[in-house]
Amino acid sequence: MSAQFLSRWGVIGVDGDDAVTFLQSQLSNDVAGMAESQLRMAGLCTAKGRLLGSFFVLRQGKQVFLVCRKETIAALVKRLSMFVLRSKCKVRDCTADYQLAFLPGSGLSSPMRVQWDEQGNATASLRLLNGTTPGFQLVAGNGQTEQSSADDQFEFVLQQLGIAYVSQPTVEMFIPQAINFDLVGGVSFSKGCYPGQEIVARSHYLGKVKRRVFQATATGSLTVTAGQDVWLAGKENEPAGAVATAVNLNGQQHLLVELPVDDAEQSGAAFCIKNEAGSIALNIQPPPYDVHQKGNVFE
């Protein structure tokens with residue numbers, strides 16, 4: 001099990017007597033009901049249900065760690081701190097106090113689990129992928145700041161698992177269902193109120209979810225980035241969707257793209273990304289779970 005440090009990801013720490021109950025009222029998933037041995041995902045939404053950030057959530061006693069893209073941390077800490085009010089907890093950027101590392105193999109046999117050691121360091125597993133369970137480590141110590149190819153490998157694993165996340169270009173672009181966050185375990189529909197809960201619940205209980213994230217690959221010289229528009233041939237009057245995440249590995253770009261389900265599953269549909277430098281065709285594939293389900297399919 002060899003750790004490879006991450007430079008594009010950081011840590012928000014929320015600690016104090018009311019840390020868990022405070023986050024229970026703010027995040028899309030059930031923090032109060034999770035055990036220290038569990039890894040969960042959660043989002044922070046606006047009142048209109050749009051995701052401001054997404055997290056991997058770890059809990060140890062009265063302290064909760066939120067692992068997310070580093071460039072979103074300052075705004076998320078500010079946003080969460082606005083609502084602390086009389087709650088006995090503090091929200092802070094802990095990136096400088098911890099090292100985050102990608103683990104190609106976590107060594108844990110069960111998915112979405114956390115193992116803590118005596119020093120308070122955590123080893124977390126994601127989902128089974130190609131016979132192994134990749135994950136990450138949270139280790140107390142000076143945070144890693146140097147650039148590393150491990151970010152690409154970690155984000156490629158997330159793409160392969162169909163797990164989208166919020167980065168700076170996609171802040172407030174998507175409701176949780178649009179990036180399959182409800183399918184991969186990022187939303188609880190029984191935990192009670194949080195900002196945007198009514199919008200998220202309405203999309204879940206009333207009617208069909210019409211937009212989902214699909215996997216895509218692109219090969220070419222045009223660099224694709226999160227937040228870019230995706231176009232469907234024959235419907236050039238407006239974008240069909242948007243890029244949720246993008247990572248370039250071994251000369252190929254691996255994406256998660258938000259699209260109308262009916263268009264994405266249409267035989268012969270041709271999608272592309274274009275800008276002033278040209279266009280690049282996308283090969284669209286379904287994620288490794290059923291996008292027609294409602295609620296978590298990762299149980």
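Note that the structure is predicted; figures quoted are calculated from it, not measured. (Residues numbered from 1 in each chain as written. Predicted model: local features only at pLDDT ≥ 70, side-chain atom pairs only at ≥ 80, totals over all residues. Heavy atoms only, no water.)

Engineer: Quick rundown of the nonpolar core? Include the residues and the values.
Structural biologist: Core analysis: the largest hydrophobic core is formed by 49 residues, its most contacted members being Trp 9, Leu 39, Phe 56, Leu 58, Leu 126, Phe 136 and Phe 154. When residues in this core are grouped by element, the largest group, 5 residues, is from helix α3 (residues 150-161). In contact with Phe 154, other than residues within four places in its own chain, are Leu 6, Trp 9, Phe 56, Phe 102, Leu 126 and Phe 136. With 24 residues, the next largest nonpolar core counts Ala 19, Leu 23, Leu 52 and Val 91 among its residues. (Core = buried A, V, L, I, M, F, W, Y, C linked by side-chain atoms within 4.5 Å. Buried < 20%, exposed > 50% of the residue type's maximum accessible area, 1.4 Å probe, protein only. Helix = DSSP H or I, 4+ residues; strand = E, 2+ residues; numbered from the N terminus. Contact = heavy atoms within 4.5 Å.)

Engineer: Please provide a residue-by-residue account of the sheet that holds strand β7 (residues 98-103), values included.
Structural biologist: Ordered by their spatial adjacency, 5 strands build an open sheet running β1-β7-β10-β9-β8, and the pairing between neighbours is antiparallel. Each edge of the open sheet is held by one strand with a lone partner, namely β1 (4-5) and β8 (114-116). One ladder, built from 6 bridges, connects β7 with strand β10 (residues 135-140); its direction is antiparallel. Bridge assignment links Ala 101 to a residue of β10, and that residue is Gln 137. Strands in contact with α3 are β1, β7 and β10; relative to β7, the strand with the most contacts, it is inclined by about 60°. (Pairing = 2+ DSSP bridges. Axes fitted to C-alpha atoms, helices over the stretch in contact; angles between N-to-C directions.)

Engineer: Outline the pairing of strand β13 (residues 241-249), supporting the account with residue identities and numerical values.
Structural biologist: Most of β13 sits inside the fold, with 7 of its 9 residues counted as buried. Where β13 meets strand β14 (residues 252-260), 7 bridges bridge the pair, whose relative direction is antiparallel. Residue pairing in the sheet places Val 247 in a bridge with His 254 of β14. The turn linking β13 back onto β14 is made up of 2 residues, and Asn 250 within it adopts a positive phi angle of 55°.

Engineer: Mind laying out the pattern of salt bridges, listing which residues take part and the relevant values?
Structural biologist: Per the stated rule, a full pass over the model turns up 11 salt bridges. For Arg 8, the salt bridge goes to Asp 152, with nearest N and O atoms at 2.7 Å. One end of the pair, Arg 8, is in the loop between β1 and β2 (9-15); the other, Asp 152, is in helix α3, with 144 residues separating them in the sequence. By relative accessible area, which is 23% here, Arg 8 ends up partly exposed. Two residues, Asp 182 and Arg 212, come together in a salt bridge whose shortest N-O distance is 2.7 Å. Of this pair, Asp 182 sits in the loop between α3 and α4 (197-205) while Arg 212 is found in strand β11 (residues 211-218), placing the two residues 30 residues apart along the sequence. As far as the burial class goes, Asp 182 and Arg 212 line up, both buried. Here the salt bridges share partners, and the residues they tie into one network are Arg 8, Arg 69, Glu 71, Asp 152 and Glu 155. (Salt bridge = Lys/Arg side-chain N within 4 Å of Asp/Glu carboxyl O.)

Engineer: Explain the packing of aromatic side chains residue by residue, including any values.
Structural biologist: The tally for this structure, following the rule as stated, stands at 10 aromatic pairs. Centroid distance Phe 65 to Trp 116: 6.1 Å. Interplanar angle 35°. Geometry classified as tilted. Pair noted here: Phe 65 is in strand β5 (residues 63-69) and Trp 116 is in strand β8, with a separation of 51 residues, a long-range link. The ring of Trp 231 has Lys 274 sitting right over it, with the charged end atom 4.6 Å from the ring centre. (Phe/Tyr/Trp six-rings, centres within 6.5 Å; stacked < 30°, edge-to-face > 60°. Lys NZ or Arg CZ within 6 Å of the ring centre and 35° of its normal.)

Engineer: Can you tell me about α4, naming the residues and giving the values?
Structural biologist: Those residues of α4 that sit buried are Val 200, Ala 201 and His 204. Seen along its axis, α4 keeps its buried residues to an arc of 95°; they face one direction. (Arc of directions from axis to C-beta.)

Engineer: Lay out the environment of Leu 51 with the relevant residues and their values.
Structural biologist: Structurally, Leu 51 is set in strand β4 (residues 51-60). In contact with Leu 51, not counting residues within four places along its chain, are Gly 43, Leu 44, Cys 45, Val 166, Thr 170, Val 171, Glu 172, Met 173, Phe 174, Ile 175, Pro 176 and Ile 179.

Engineer: Run through the side chain of Asp 263, naming residues and quoting values.
Structural biologist: Note that Asp 263 resides in helix α5 (residues 261-264). A relative accessible area of 13% places Asp 263 in the buried class. Setting aside residues up to four positions removed in sequence, Asp 263 forms contacts with Leu 232, Lys 235, Ala 269 and Phe 271.

Engineer: Quick rundown of the sheet that holds strand β15 (residues 271-275)? Include the residues and the values.
Structural biologist: An order of β11-β14-β13-β12-β15-β16 is seen for the 6 strands of this closed barrel, with the pairing classed as antiparallel. Neighbour-to-neighbour, the strand axes of the sheet open up by a mean angle of 40°, direction not taken into account. Judged from the 8 bridges that link them, β11 and β14 form a sheet pairing that is antiparallel. Paired with Arg 212 across the bridge in β14 is Leu 259. The strands touched by α3 within the sheet are β11, β13 and β14, with β13 carrying the most contacts at an inclination of about 135°.

Engineer: Please provide a residue-by-residue account of the environment of Cys 193, values included.
Structural biologist: By the secondary structure assignment, Cys 193 is in the loop between α3 and α4. Remark: the alpha-carbon pair of Cys 193 and Ser 25, spanning 168 residues in sequence, is separated by 6.3 Å. For Cys 193, the contacting residues outside a window of four places in its chain are Gln 24 and Ser 25.

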